[in-house]
Number of protein chains: 2
Amino acid sequence: MMSNPFLSGDPGIRPRRPMMALVLANTMLSTVPGISGAGPTPEATLLTPVLDAELVTTGAITSVPARPNTPTGCPTPAAITRSMVELTGLVPIHINAGLAHSPTVPCLDVYGSPGGDPREGDAVPQATRLFERGEMAGRLLSQQSDLLMLGECVPGGTTTALCVLRALGYEASVSSAFARNPLDLKGAICREVLARIDEIGAEEPLDILRAAGDPMIPVAAGIASTYSGDLILAGGTQMLAVAAVLKALGRRVPPLATTVYIRDDPTAGFARSIAGIGTTAYYVDPDFAGIGHAGLARYCTGEVKEGTGAGGALMLARLMGYEPEDIARKVFDFVMRYD
Amino acid sequence: MMSNPFLSGDPGIRPRRPMMALVLANTMLSTVPGISGAGPTPEATLLTPVLDAELVTTGAITSVPARPNTPTGCPTPAAITRSMVELTGLVPIHINAGLAHSPTVPCLDVYGSPGGDPREGDAVPQATRLFERGEMAGRLLSQQSDLLMLGECVPGGTTTALCVLRALGYEASVSSAFARNPLDLKGAICREVLARIDEIGAEEPLDILRAAGDPMIPVAAGIASTYSGDLILAGGTQMLAVAAVLKALGRRVPPLATTVYIRDDPTAGFARSIAGIGTTAYYVDPDFAGIGHAGLARYCTGEVKEGTGAGGALMLARLMGYEPEDIARKVFDFVMRYD
């Protein structure tokens, strides 16, 4: 059998001044038991973006006693993103779209608030303002780079993404960091939220985000609207929601970059959604099955899969000229520190 | 009589990827009546950095009914900085070191707090942490630029700068935005603060900042410590304090860029302080007397003088290749909008 290529296609981008940015946000949905695997307890998922930013920026989590492994012992996607920082020397800029806890590293802040539970009321009352602040941030980032790999970290964000995609008319399903995707729970929440969207009559994309999104989606969409260079949305189903919003707004719809573990998740129907939105996706195959690390191998059997721009960070390293074997070795070396 | 040159000297820098950053902070000293001219009332000075950032980023102040003129009718330094944004197309990145009000534009935030009144207790309890966050920010900004023009906006900041400079052993005086510098008031506050510094035995630079500084100083010093390209401190006596802290820490001491109105302020003794710290300064002479605008002309007779990196913004435009006459015309055109 031929092995898969490291990258499913060549975007033809050879960046001179690449930049990576990660949009951080919270949604109160992550505190609903069973929704998010991105933390040791539902309440603790609120801290995850802050710890991810700390790991990606400094190489270690020192503000609290925590290791960059999931509750089930897999290396977190942020660890993969950090390993690429150490390979390429390029540190992502973190964008605070609305967090429950104060970051421990500098972030480009748009002064939002954490997203609420969309079953209880408007989840992102400031959605329009956040979109505009994202547009401002996109102009700023345009000045200093010619390629922006734009990722996210939003625990519980696949559920808000599901609500937004369905409200925009897509028959989407979504992925999950759990090996067994809690589709029943997500589906039940989504039905309740869609009923509320119907009730209040939200139809415009920013009205849908206000009702049912999380702060990351309008900020990322705003950035993508004004960024002047090449832009790639780094992520799975959450970035699908950003792409769908951009399409509904009549803006440029960028391609996505994610791992083959997202593409191959039978519950998510990712490739079908990509086609439905009319964009393209680049899939990175870091061959975690063959890398010699049990926790990474479990990505291949359906755990974690993606997050914190990990797929995009791997792709960016490749676009910057690093060889697949060097990329794999760096991931392995980094995660072994926390084994 | 020969007219002065636009720039007092040539630093020999021809930036390919220039960047300008403005560190914003508050000190509660600006609410002491008579200390700061940077706002219509002492309490309103707390909002000035937010409004300056809004003007510099968007070209207008829309979040509150306010015009970019001082209470006495001079164009604010932020208006000059903005005019250079429109000339060069380069928008500064704002850095939130600790503000009382939430910014209306995206800022790189280090998650500090406004500085307290140093007569009443430690003014910046988190000084060491802010210095470290500044170091992180300096590394981030290094990735995307080869020249950093680093300015500030801190109402009341000349008084904290005076305290810090004197505590570090300099016989400094400071400048003021008022035509008549309230030296008696500043001197009285400073004596009180120095007595407290003696009492608690603060001698190390970061201990002095904790006791008597404002959040801008440790953040700017941290950035200057790690920034890898050419760095110029854009400002007057407040940036002197940053330079003095860097010298005391044994770090690289960058040159300063400011207006001739700061150099020529007889109460400030600026050139003497520059020599005392052992650095150099570039002085910009935008010939505001000859530009044909009464409010700008008053800069020459001792009002406003500098702020929000205005001198540095003018110098940066020159380094980017713009001619003095085009720079002057742009300043004039911009301030005429608000006449």
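The rules behind the values
Residues numbered from 1 in each chain as written. Chains lettered and ligands numbered in written order. Predicted model: local features only at pLDDT ≥ 70, side-chain atom pairs only at ≥ 80, totals over all residues. Heavy atoms only, no water. Contact = heavy atoms within 4.5 Å. Buried area = accessible area lost by both parts, 1.4 Å probe. Salt bridge = Lys/Arg side-chain N within 4 Å of Asp/Glu carboxyl O. Polar contact = N/O pair within 3.5 Å; in protein donor to acceptor, adjacent residues only side chain to side chain. Helix = DSSP H or I, 4+ residues; strand = E, 2+ residues; numbered from the N terminus. Nonpolar A, V, L, I, M, F, W, Y, C, P; charged D, E, K, R; others polar. Pairing = 2+ DSSP bridges. Buried < 20%, exposed > 50% of the residue type's maximum accessible area, 1.4 Å probe, protein only. Right-handed = clockwise from strand over helix to strand, strands pointing away. Least-squares fit on C-alpha atoms with pLDDT ≥ 70 in both. Patch = residues over 30% accessible without salt bridge, like charges linked within 9 Å, V, L, I, M, F, W, Y side chains within 5 Å. Areas by Shrake-Rupley, 256 points an atom, 1.4 Å probe, with all protein chains shown as cover. Lys, Arg positive; Asp, Glu negative; His and termini not counted. Charge placed at Lys NZ, Arg CZ, Asp CG, Glu CD. Phe/Tyr/Trp six-rings, centres within 6.5 Å; stacked < 30°, edge-to-face > 60°. Lys NZ or Arg CZ within 6 Å of the ring centre and 35° of its normal.

Undergrad: For the interface of chain B and chain A, give the residues involved together with the corresponding values.
TA: Each partner contributes residues to the interface: chain B has 28 residues there, and chain A has 28 residues. Of the roughly 2,200 Å² buried where chain B meets chain A, counting both sides, 58% is carbon and sulfur surface. Put simply, chain B and chain A have zero salt bridges between them. On the surface where chain B and chain A come into contact, there are ten residue pairs in polar contact (both at pLDDT 80 or more). Among the secondary structure elements, those contributing two or more residues to the side of chain B that touches chain A are β1 (18–25), α1 (48–58), β2 (93–98), β3 (107–109) and α3 (127–143) of chain B. Per-element tally for the side of chain B that touches chain A: the top contributor is α3 of chain B, with five residues. Taken together, the residues of the side of chain B that touches chain A break down into 16 nonpolar, nine polar and three charged. Here strand β3 (residues 107–109) of chain A runs beside β3 of chain B; their pairing, made up of three bridges, is antiparallel. Across the sheet, residue Leu108 of chain A finds its bridge partner in β3 of chain B, namely Leu108 of chain B.

Undergrad: Just give me the short version of the pairing of strand β5 (residues 230–234) of chain B, but keep the residues and values in it.
TA: Residues and elements named next belong to chain B. Within β5, four of the five residues are buried, which leaves the element mostly enclosed by the surrounding structure. Here strand β4 (residues 147–153) pairs with β5 via four bridges, running parallel. Pairing of Leu148 across the sheet is with Leu231, part of β5. In this sheet, strand β6 (residues 256–259) lies alongside β5 in parallel orientation, the contact comprising two bridges. Bridge pairing in β6 places Ala234 opposite Ala257. In this region the chain leaves β5, passes through helix α8 (residues 237–248) and returns to the parallel neighbour β6; the handedness of that crossover is right-handed.

Undergrad: Account for the relation of the copies chain B and chain A, naming residues and giving values.
TA: Each copy superposes on the other: chain B lies on chain A with an RMSD of 0.0 Å after a rotation of 180 degrees and an axial shift of 0.0 Å. Classification of the inter-copy transformation places it as that of a two-fold axis. Closest approach to the rotation axis within chain B is made by the C-alpha atom of Leu108 of chain B, at a distance of 2.0 Å. Both copies share a contact surface, since 100% of the interface residues of chain B are interface residues in chain A too.

Undergrad: Please give an account of the side chain of Glu135 of chain B that cites residues and values.
TA: Tracing the backbone shows Glu135 of chain B in helix α3. The contact partners of Glu135 of chain B, leaving out residues within four places of it in the chain, are Gly222, Ile223, Ser225, Thr226 and Arg251 of chain B.

Undergrad: Please set out the pairing of strand β4 (residues 147–153) of chain A residue by residue, giving values where relevant.
TA: Residue and element names in this part refer to chain A. Of all seven residues making up β4, seven are buried, and the element is well covered by its neighbours. In β4, alternate side chains face the same way, and those of Leu147, Met149, Gly151 and Cys153 on one face and Leu148, Leu150 and Glu152 on the other are all buried. The sheet contact formed by strand β1 (residues 18–25) and β4 spans seven bridges and is parallel. Each bridged residue has a counterpart across the sheet, and for Leu24 the counterpart in β4 is Cys153.

Undergrad: Outline a negative patch on the surface, supporting the account with residue identities and numerical values.
TA: Residues and elements named next belong to chain A. Negative charge collects at one region of the surface, where Asp198, Glu199, Glu203 and Glu204 lie side by side. Within the secondary structure layout, Glu204 lies in the loop between α5 (183–200) and α6 (205–212). Glu204 sits in the exposed class, given a relative accessible area of 51%.

Undergrad: Go over the packing of aromatic side chains with me, naming the residues and quoting the values.
TA: Residues and elements named next belong to chain A. Scanning all chains against the criterion turns up ten aromatic pairs over all chains. Measuring from ring centre to ring centre gives 6.4 Å for Tyr261 and Tyr299, while their planes differ by 65 degrees; the resulting arrangement is edge-to-face. Linking Tyr261 in helix α9 (residues 260–263) with Tyr299 in helix α11 (residues 294–300), this pair joins segments that are 38 residues apart in sequence. For Tyr261, a relative accessible area of 9% translates into the label buried. By relative accessible area, which is 2% here, Tyr299 ends up buried. Feature note: the residues Tyr261, Phe288 and Tyr299 constitute an aromatic cluster, connected by ring pairs. A cation over an aromatic ring shows up here: Arg263 above the ring of Tyr283, its NZ or CZ 5.2 Å from the ring centre.

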